[in-house]
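# A look at the structure
Spelled out, the chains give:
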Amino acid sequence: MAALSTPVHLTAHAVANPGAGTVPVWSPYGRAPQELHRKLPEYAPSRLLSAPALAEKAGVRRVLLKEETSRFGLPSFKLLGASWACYRALTEHLGTEPGPWADIDELAGLLAGLRPFTFAAATDGNHGRAVAHMARLLGFASRIFVPEGTAQARVDALASEGAGVEVVAGSYDDAVARSAQEAGPSCLVISDTSWPGYEQVPRWVIEGYSTMFWEIADRLDDLASPLAAGDVVVVPVGVGALAAAAVNHFRRGADGPSVVGVEPVDANCVMASVEAGRMVSVPGPHHSIMAGLNCATPSQVAWPLLATGLSTLVAVTDDDARRAVRELAALGLAVGETGAAALAGLEALHGQGRGPGAGASVLLLCTEGVTDPVGWRSILGLEVL
Ligand SMILES: Cc1ncc(COP(=O)(O)O)c(C=O)c1O
């Protein structure tokens, strides 16, 4: 894949996707990931909130926030994808589905014969923590690779899951390449991004995220107020797996909401790719405070869905993210920098006169709680004494 040297815009900007059109169909998996999630400890649908103050500011009918600040006791949505991918990868490894099992202890018992067994992953923090958590629940080990510069609190959180953490010189993509070397007879690599020859696991990660969208759809159906054409779903984009899941859910028919992706200004690999009409890399290292979005290359399996299913890409600055963190905190929501990117993206679009119409419902995926407390408090002007 070509590396593109895109001019770095220092301010927020948006690009309409010229390739938007018919989304490729994936083989159906229905609600199977959600059935798995229901059997994991502490499963509960995350909250869907309405924020009238944000709607008024953005000039739209309704702003909905999907609050992914706590999932299964972890501060992001990532276990939704990691758990389904780990489970499916283990099933493939065994050649058969383990079972039947009703809860995680029963599943761990069925898999005990595999030990010692390891999951490996690269991460900016959240995906790796989810993989390490899954390993711990199953009585396995985990080896997690992080790029240099990862906040200490995020490294500590990985270690608290029992992970062996290795800091890799270079960027997130360097950490991904390092993690791939771990694959072996008793080690499964559970990556949320894909590359040539490694596609199935990241596909399962995308499938696992579907639970978030079923929860939203079910809640809005209960309220007889589903999202429809003219409405907008705003998604933070790193390698694009979450956005691909959003596209897969919402862009099946002509009457769905449009899906907008938000990236940091200097890690805008999906924006650069839609502009180029093919997957390109935006070389790092990337230093955005939206750490989960510091990715140089889209996920190969996500790309066909992103290329056709995203209507617009928005690039935002760290200052935009800080402002969004403060606005969410003022509403009583402790959302981290990456999680606040969706609000930053909506406000950037509105500021440029390109926001959704006055009748629109806008769904913001607030994907992360506070994963770097020192950074988060300093954004709010607080110091720990
Ligand atoms: C909190 C959070 N939000 C959004 C994303 C973006 O997800 P993806 O890399 O699938 O685009 C990440 C990725 O790590 C993340 O940690």
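Please read these numbers as outputs of a predicted model, since none were measured by experiment. (Residues numbered from 1 in each chain as written. Predicted model: local features only at pLDDT ≥ 70, side-chain atom pairs only at ≥ 80, totals over all residues.)

So, on to the domain arrangement of the protein chain. Partitioning the protein chain into structural domains gives domain 1 (13–76 + 206–379) and domain 2 (79–199). Here the C-alpha centre of domain 2 lies 24 Å away from the C-alpha centre of domain 1. Opposite the 36 residues of domain 1 that make contact, domain 2 presents 30 residues. Taken together, the residues of the side of domain 1 that touches domain 2 sort by class into 18 nonpolar, 13 polar and 5 charged. (Domains from an automatic or database assignment. Contact = placed C-beta atoms within 7 Å. Nonpolar A, V, L, I, M, F, W, Y, C, P; charged D, E, K, R; others polar.)

Another aspect to go through is the sheet that holds strand β5 (residues 141–147). Strand order in the open sheet formed by 4 strands is β6-β5-β4-β7, with parallel pairing between adjacent strands. Only two strands of the sheet have a single partner each, and these edge strands are β6 (164–168) and β7 (187–189). Strand-to-strand twist of the sheet, defined as the mean angle between neighbouring strand axes without regard to direction, takes the value 20°. Pairing of strand β4 (residues 118–122) with β7, which is carried by 3 bridges, proceeds in the parallel orientation. For Ala120, the partnering residue across the bridge sits in β7 and is Val189. (Pairing = 2+ DSSP bridges. Helix = DSSP H or I, 4+ residues; strand = E, 2+ residues; numbered from the N terminus. Axes fitted to C-alpha atoms, helices over the stretch in contact; angles between N-to-C directions.)

Within the open sheet, the 7 strands sit side by side as β1-β10-β9-β8-β11-β3-β2. Their pairing is mixed. Whereas interior strands pair on both sides, the edge strands pair on one side only; in this sheet they are β1 (13–16) and β2 (47–50). Strand-to-strand twist across the sheet, computed as the mean angle between neighbouring axes with direction ignored, equals 20°. The pairing of strand β9 (residues 258–264) with strand β10 (residues 310–316) spans 6 bridges and is parallel. The residue of β10 that forms the bridge with Glu263 is Ala315. Helix-sheet contacts for helix α14 (residues 341–351) involve β1, β8 (232–236), β9, β10 and β11 (361–366), and the interaxial angle to β10 is about 100°.

Residues in close proximity to the ligand total 19 residues, the closest being Gly238, Ala241, Gly292, Thr367 and Glu368. Within the residue set of the shell around the ligand, elements represented by two or more residues are α5 (126–138) and α10 (241–250). Classifying every residue of the shell around the ligand by side-chain character gives 7 nonpolar, 9 polar and 3 charged. (Near = placed C-beta within 6 Å.)

The next subject is the pairing of strand β3 (residues 62–67). Summarising burial for β3: 5 of the 6 residues are buried, a large majority. As judged from the 4 bridges shared by β2 and β3, these two strands associate in the antiparallel manner. Across the sheet, residue Arg47 finds its bridge partner in β3, namely Glu67. Where β3 meets β11, 6 bridges bridge the pair, whose relative direction is parallel. If you follow Val63 over to β11, its bridge partner there is Val362. (Buried ≥ 20, exposed ≤ 12 C-beta atoms within 10 Å, placed from the backbone.)

Looking now at the confidence of the model for the protein chain. Predicted confidence across the protein chain gives a mean pLDDT of 95, with 97% of residues reaching 70 or more. Residue range residues 1–7 is modelled with pLDDT below 50. Its contacts to residues more than four positions away, or to other chains, number 15 contacts. (pLDDT = per-residue confidence, 0-100.)

Turning next to the packing of helix α3 (residues 79–94) against helix α8 (residues 200–208). Taken N-terminus to C-terminus, the directions of α3 and α8 make an angle of 135°; their axes are 7 Å apart at the nearest point. Relative to α8, the element α3 is oriented oblique. The handedness of the crossing between α3 and α8 is right-handed. Contacts between α3 and α8 involve Leu80, Gly81, Ala82, Ser83, Trp84, Ala85, Arg88 and Ala89 from the first element and Val201, Trp204, Val205, Ile206, Glu207 and Gly208 from the second. Here the contact of α3 with α8 is composed, by residue class, of 9 nonpolar, 3 polar and 2 charged. (Parallel < 35°, antiparallel > 145°, perpendicular 65-115°, else oblique. Left-handed = near helix turned anticlockwise from the far one by under 90°.)

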